[in-house]
Amino acid sequence: MAEKTPPIKCNPVGLNGKQTQFAAMSENTLTTRAEPKLSEVQLNLLGWLRRDKPNIFLTGRAGTGKTTLMRELLRQAGNKAAVLAPTGVAAMQAGGQTIHSFFHLPPRVITGRDIRKVRHSRVVKALETLVIDEISMVRSDMMWAIDQSLRLNRECNEPFGGVQMVVVGDLAQLPPVVQGAEAEYLENTHGGPFFFNPPAFREAGFSLVELEEVFRQTDEDFIHLLNVVREGDVRADEAERLNERVTGRSGLEASLSHVVLTATNETAFRINNARLEGLPTTPHAFNAKVEGQFDQRLFPAEEPLILKIGARVMMTRNDPQGRWVNGTLAEVEGFDEKAVRVRIDDNVWAIEPAKWERNAYAFDEASRALTKTTAGAFTQYPLRLAWAMTIHKAQGLTLDKVYLDLARRLFAHGQAYVALSRARTLEGLELSRPLTPGDIICDERIFDVKSFCDPVPQSLLQTQQ
């Protein structure tokens, strides 16, 4: 490089042509088709969770298998467990309900007058294990409210009403949303904005379980670079390694061979629309079917979905037969009466509409346990245009070729780490411009969580040689 690359320190902030296209993108499909299996460490942890019922904060870098372990715990716990999440999208992906709807909490700062008996108190009393996904997005007032509501509705004054709490997420990726004067209120009332700040968290004796084995990437050098970005402390030589991936191509140019990740919906829409309009084929529009209560903001696919032969698309649901997973890239080959034909690698599959359901928990009299009911449903082809997408929508995906559009400065805590860690390899990563200290945004208070947690028994984290 012509100029010596400076170190990039954490920037502290408050929380305030068809054949050509297919040849270029066919290498960008996910190589893993089947659901990942649990590692020895994950099996050890699962046994401990089921046997001793500890309260834990399950965390780890991107690609360490947090979601895999969470889903297996829920499967084994059956109708004695519920999974909640702070947003409708996260709740739908986890197969559960939002925290707000489950505890009847308002969409604002939560205070004592908001804690009350809920109509479905028998559901709350039947809980043995409560899993909260995307815990990093949960603010301190909401965590306090969860504790208070469980105590009240279960008529038990133990922390979290005596329920086993398993909270899952990565503080380095998704921060809680705190605006204006809310920050001062949360600091004065709960000791800070994070889920671990309220006293109930310490009273409950949470153990910090950090998964360390990364399944998404295998190159140790790239894993190290991702770690230093995650921690917000990048040396000059490390910054130079990343900035060697700058090519000078525009996002539109790069979208021919790479998936473009951008900070804004506007940019992703513009690139996808330009690529779609550039195809000489006829557009086909597909309307979704919406039933019951399903907020338009939670639609998991476009409405209407407009596709053309030759369009690059991404699968948005796992295939039960393991032929593709959420995030697999494909190309539209044609249209049948009730299916869209797509090519994945060397195979062509007929994709039929899929149904997404918004769940709510209820009490089953016969089994005296939890059951799920459907509050609303959305039916659409499980596809979306995939020349470009926002960094937020790429959460949880693994891609072989990623172009990070840095035309605008990244503006959120953890955004750079989330974007970079979508790439499987350093060679598959391309940057629009060099990363600067202003792009590596983190809130150093996230590291305080270790002082609020107990250590996990080391024997659980050891593998047999």
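Residues numbered from 1 in each chain as written. Predicted model: local features only at pLDDT ≥ 70, side-chain atom pairs only at ≥ 80, totals over all residues. Heavy atoms only, no water.

### Some points on the pattern of salt bridges
Then comes step 1: Considering all chains together, one arrives at 25 salt bridges under this definition.
Then comes step 2: Here R139 makes a salt bridge to E182, at a shortest N to O gap of 2.8 Å. One end of the pair, R139, is in the loop between β6 (129–132) and α7 (140–154); the other, E182, is in helix α8 (residues 182–190), with 43 residues separating them in the sequence.
Then comes step 3: E238 is the salt-bridge partner of R235, the closest N and O atoms lying 3.1 Å from each other.
Then comes step 4: Residue classification places R235 among the partly exposed residues on the basis of a relative accessible area of 46%.
Then comes step 5: Members of the salt-bridge network, linked through shared partners, are K117, K125 and E155. (Salt bridge = Lys/Arg side-chain N within 4 Å of Asp/Glu carboxyl O. Helix = DSSP H or I, 4+ residues; strand = E, 2+ residues; numbered from the N terminus. Buried < 20%, exposed > 50% of the residue type's maximum accessible area, 1.4 Å probe, protein only.)

### Observations concerning the sheet that holds strand β16 (residues 340–344)
Then comes step 1: Pairing within the open sheet is antiparallel, and its five strands lie in the order β17-β16-β15-β14-β20. Because the sheet does not close on itself, it has two edges, and the strands there are β17 (347–351) and β20 (383–385). Ignoring strand direction, the axes of neighbouring strands in this sheet form an average angle of 45°.
Then comes step 2: Where β16 and β17 come together, five bridges link them in antiparallel fashion. From the neighbouring strand, I344 faces β17, where its bridge partner is N347. (Pairing = 2+ DSSP bridges. Axes fitted to C-alpha atoms, helices over the stretch in contact; angles between N-to-C directions.)

### Remarks on the sheet that holds strand β23 (residues 429–431)
Then comes step 1: Spatially, the four strands line up as an open sheet ordered β21-β10-β22-β23, and their pairing is parallel. Looking at the sheet topology across the chains shown, the edges are occupied by β21 (388–390) and β23. Each strand of the sheet is rotated relative to its neighbour by a mean of 25°, with strand direction disregarded.
Then comes step 2: Of the strand pairs in this sheet, strand β10 (residues 259–262) and strand β22 (residues 402–404) are connected by three bridges, and their pairing is parallel. Across the sheet, the residue bridging to L261 is L404, located in β22.

### Notes on α7
Then comes step 1: Helix length check: α7 (15 residues) gives 21 Å between terminal C-alpha atoms against 21 Å at 1.5 Å per residue, within 8%.
Then comes step 2: Counting buried positions along α7 yields twelve of 15 residues, so the element is predominantly enclosed.
Then comes step 3: Considered for burial, the residues of α7 that qualify are S140, D141, M142, M143, A145, I146, D147, S149, L150, R151, N153 and R154.
Then comes step 4: Positive backbone phi, approximately 55°, marks E155, located one or two places after α7. (Expected span 1.5 Å × (residues − 1).)

### Remarks on the environment of D237
Then comes step 1: Counting through the fold element by element, D237 comes out in helix α11 (residues 236–243).
Then comes step 2: Spatially, the C-alpha atoms of D237 and M70 are 37 Å apart, while their sequence positions differ by 167 residues.

### Description of the packing of helix α10 (residues 220–231) against α11
Then comes step 1: α11 packs onto α10 with a crossing angle of 115° between their chain directions and a minimal axis gap of 11 Å. Compared by their axis directions, α10 and α11 come out roughly perpendicular. Between α10 and α11 the crossing geometry is left-handed. Contact with α10, carried on its side by D221, H224, L225, V228 and V229, involves E238, R241 and L242 of α11 and no other residues of that element. (Parallel < 35°, antiparallel > 145°, perpendicular 65-115°, else oblique. Left-handed = near helix turned anticlockwise from the far one by under 90°. Contact = heavy atoms within 4.5 Å.)

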